[in-house]
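Listed here are the chains, written in short residue letters.
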Amino acid sequence: MRTSQFLLATQKETPADAEIVSHKLMLRTGMISKLASGIYTWLPMGLRVLKKVETVVREEMNRIGASELLMPAIQPAELWTESGRWDQYGPDMLRINDRHKREFCFGPTHEEVITDIARNKIRSYKQLPLSFFQIQMKFRDEIRPRFGVMRSREFLMKDAYSFHLDAESLEKTYQTMYEAYTKIFTRLGLNFRAVLADTGSIGGNFSHEFQVLANSGEDLLAFSDSSDYAANVERAEALPPAASATKSNEPIKTVNTENHYTVEQVCQFLAIQPQQLIKTLLVKGSDTEIVALALRGDHELNEIKAAKHPKVANPLQFVKDEAIQSQVGCKPGSIGPIKLNIPLIVDRDAAAISDFVCGANQENKHCLHVDWSRDVGEIEIADLRKVVPGDASPDGKGKLQFARGIEVGHIFQLGDKYSKAMNANVCDESGKAKPMLMGCYGIGISRIVAAAIEQNHDEQGIVWPEPLAPFQIALIPVNLHKSDRLKKMCEKIYSELKAAGYDVLYDDRQERPGVLFADCDLIGIPHRLVLGDKGLDANFIEYKARNSNETKELPLDNYLTELKNFVGVE
RNA sequence: CGGGGUGUAGCUCAGCCUGGUAGAGCACUGCGUUCGGGACGCAGGGGUCGUAGGUUCAAUUCCUGUCACCCCGACCA
């Protein structure tokens, strides 16, 4: 490609609304252009990178025998009503009506559609297992889109789905996908980790996320410092504490704590540590109106764990202050587990302390020296809290450390959730109809582009890993317009490089060399060839890699051979 | 959804308080000089000041509504 034929939309200044480095650089390099909040055009430069990611993903999907298809972006509501998700999915789903006022959505994901395909087209267990994938735009109406294409509303996703007769087959394909994902992210040159994950609204029971490690990441990950345990913090189990509760020797005492409501305020007022305080949260229950959750004052509720508890409504909803007032008779800041006429679930760590402080269920009052068995009675114990750094690793080996990550892939074993709801059955060996088991496997293609920049950049701009670069080689002539013989030579080299299979950007603009160099570094093209009259006289062309400061002089009559030492043909 | 902020040229912003219908730098066009790390001079082009209404002789400026965009929060027991 010649720069003169290409939209090189680079800019010196960073647009004001970009926050993180990948977003800034994607705007400055002219890869993307915003149309509306969370909605972007992929300009020619950006699209080249996006296609590179797509290619790697497609190759690895094909390699493991998944078949590519393309499902509609617009899906009828009926399908989602069948699976039960029309009501469940929430405002992330963009719902639209056609001219007949029929309801549709812009697909946020495609389990329903693929399940519909499967039930219509797959008849026998003999056809299984089968895997499909597509690379397609999804739309999720995020609460707050941000960071450019990192969290956009419209985004390109690879989603794959597998169908099986039994769990063994599902696990096998899951493992194959896991390995394919590992291969994909390795090929893309990303520093990533696979972590145990929550299954979220997709459903199912077993799942891993692939996280690109970056400080700008929105996900928090927990790693063991002495084993390969890794999990999303929202999923990491907090092990029961080693010591169990002792008894309180002192009688319970109610004290006045007027105007002190938060954990911090109460602790300061009573001169106690938050570890000695029990906070009680009221949430909506699944069968009952309200369920109470008790945690240690220094711990935070893990909403995902709580919502999974059979007695708690999923998704988690906190009870409104007015309802608390009418049910308990006090404001939220004074609730406690004693004589609370509400089903109670106590976190493991909270259950392990005694002689604690808690709300007295009376306005402005707290209780001291409380003891679970003496003052509250039988309690139900569950893992409710978020893990914190230093907690024991759930696999029993070492302690947990935290790091931030960008979720670029997620694989799930769905089981029969969709096949059962939508009657996607096959005949088994005995001729009986049986719901297929399913797996689903996603990769955020557009997000990978941003994640890769987060990991690969410097002061000058992007430093693309080879497989992602929009161009492999930049050919930069020095003062092209002044020298006819330089022009002739550059044309020759440009055709030779193309003929040799390289993806070249030939910068034939009439700009000063500094401008060309600066743009070349900003865009992050991995390999650079520079030729000027000086080189022509001395019979060399200069080579430099983007990630190195060293330049090399390659003999003009043999530069292609030498170049092969640095650059692979695609 | 709650809180905060911003909308003026393609980009980054000034002007607004103290009304008199617009400016800088970058980018763009032409000419000249320059030419291995984002050059310089001269001459240009480009804005119904987000939008609707109000006040006023006069509104980018003051008032009201509205839309868009950005940031923070959505743990409070």
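Residues numbered from 1 in each chain as written. Chains lettered and ligands numbered in written order. Predicted model: local features only at pLDDT ≥ 70, side-chain atom pairs only at ≥ 80, totals over all residues. Heavy atoms only, no water.

J.: Explanation requested: the packing of aromatic side chains in the structure shown.
T.: Any pair of aromatic rings gets described here by the distance separating the centres and the angle formed by the planes. According to the stated counting rule, one finds 13 aromatic pairs in the structure shown. When the centroid spacing of 6.3 Å and the interplanar angle of 35° are considered together, the rings of Phe 192 and Phe 210 count as tilted. Linking Phe 192 in strand 9 (residues 192-196) with Phe 210 in strand 10 (residues 206-213), this pair joins segments that are 18 residues apart in sequence. Its relative accessible area of 16% is what places Phe 192 among the buried residues. (Phe/Tyr/Trp six-rings, centres within 6.5 Å; stacked < 30°, edge-to-face > 60°. Helix = DSSP H or I, 4+ residues; strand = E, 2+ residues; numbered from the N terminus. Buried < 20%, exposed > 50% of the residue type's maximum accessible area, 1.4 Å probe, protein only.)

J.: Honestly, the pattern of salt bridges in this entry has me stumped. Any pointers?
T.: Pairs may arise between side chains of opposite charge once their charged atoms sit close together. By the definition in use, this model includes 38 salt bridges. Between Asp 298 and Arg 296 there is a salt bridge, and its shortest N-O distance comes to 2.9 Å. Given a relative accessible area of 31%, Asp 298 falls into the partly exposed group. A salt bridge links Arg 296 to Asp 349, with the shortest nitrogen-to-oxygen separation between them at 3.9 Å. With Arg 296 in strand 15 (residues 290-296) and Asp 349 in helix 10 (residues 348-351), this pair connects stretches of sequence that are 53 residues apart. On the accessibility criterion, Arg 296 (16% relative accessible area) is buried. The class of Asp 349 is buried, set by a relative accessible area of 8%. (Salt bridge = Lys/Arg side-chain N within 4 Å of Asp/Glu carboxyl O.)

J.: It is not clear to me how the sheet that holds strand 26 (residues 473-477) should be interpreted in this structure. Could you clarify?
T.: Two strands in a sheet stick together by hydrogen bonds in their backbones, pointing the same way (parallel) or opposite ways (antiparallel). As summarised here, the arrangement of the five strands in space is 27-26-28-29-30, forming an open sheet in which the pairing is mixed. On the outer flanks of this sheet lie strand 27 (504-506) and strand 30 (551-555), each paired with one strand and no other. Within the sheet, the average angular offset between the axes of one strand and its neighbour, ignoring direction, is 25°. Where strand 26 lies against strand 27, three bridges are found, and the strand directions are parallel. When the bridges of strand 27 are listed, Leu 475 appears paired with Tyr 506. (Pairing = 2+ DSSP bridges. Axes fitted to C-alpha atoms, helices over the stretch in contact; angles between N-to-C directions.)

J.: Would you mind showing me how to read the packing of helix 1 (residues 21-28) against helix 13 (residues 445-455) here?
T.: In a pair of packed helices, the angle between the axes and the distance between the axes together describe the arrangement. Look at helix 1 against helix 13: their axes get within 8 Å of each other, and the N-to-C directions meet at 105°. Compared by their axis directions, helix 1 and helix 13 come out roughly perpendicular. Contacts between helix 1 and helix 13 involve Val 21, Ser 22, Leu 25 and Met 26 from the first element and Val 449, Ala 450, Ile 453 and Glu 454 from the second. A class-by-class count of the residues in the contact of helix 1 with helix 13 yields six nonpolar, one polar and one charged. (Parallel < 35°, antiparallel > 145°, perpendicular 65-115°, else oblique. Contact = heavy atoms within 4.5 Å. Nonpolar A, V, L, I, M, F, W, Y, C, P; charged D, E, K, R; others polar.)

J.: Please explain the pairing of strand 28 (residues 527-531) as it appears in this structure.
T.: The side chains of a regular strand alternate between the sheet's two faces. For strand 28, the buried fraction is high: five of the five residues fall into the buried class. A two-sided burial pattern is seen for strand 28, the buried positions comprising His 527, Leu 529 and Leu 531 on one face and Arg 528 and Val 530 on the other. Here five bridges tie strand 26 to strand 28, and the two strands are oriented parallel to one another. If you follow Ile 476 over to strand 28, its bridge partner there is Val 530. Sheet analysis places strand 28 next to strand 29 (residues 540-545), joined by four bridges and oriented antiparallel. Directly across from Arg 528, in strand 29, lies its bridge partner Lys 544.

J.: What's the story with the confidence of the model for chain A in this structure? I'm lost.
T.: For residues with low pLDDT, the predicted coordinates do not support detailed interpretation. Mean pLDDT over chain A works out to 91, with 98% of the residues at or above the 70 mark. At the level of individual helices and strands, chain A shows its lowest average pLDDT in helix 9 (residues 321-328), which scores 77, and its highest in strand 3 (residues 67-68), which scores 98. (pLDDT = per-residue confidence, 0-100.)

J.: Explain unusual backbone geometry to me, please; I cannot follow it from the model alone.
T.: Note on backbone geometry: most residues besides glycine have negative phi, and most peptide bonds are trans. Between Leu 128 and the following residue, Pro 129, the backbone shows a cis peptide bond with an omega angle of -5°. Counting through the fold element by element, Pro 129 comes out in the loop between helix 5 (111-121) and strand 7 (130-139). Backbone geometry places Asp 355, a non-glycine residue, at a positive phi of 55°. The topology assignment puts Asp 355 in the loop between helix 10 and strand 17 (356-359). A positive phi is found at Asn 423, a non-glycine position, where the angle reads about 55°. With a relative accessible area of 55%, Asn 423 lands in the exposed category.

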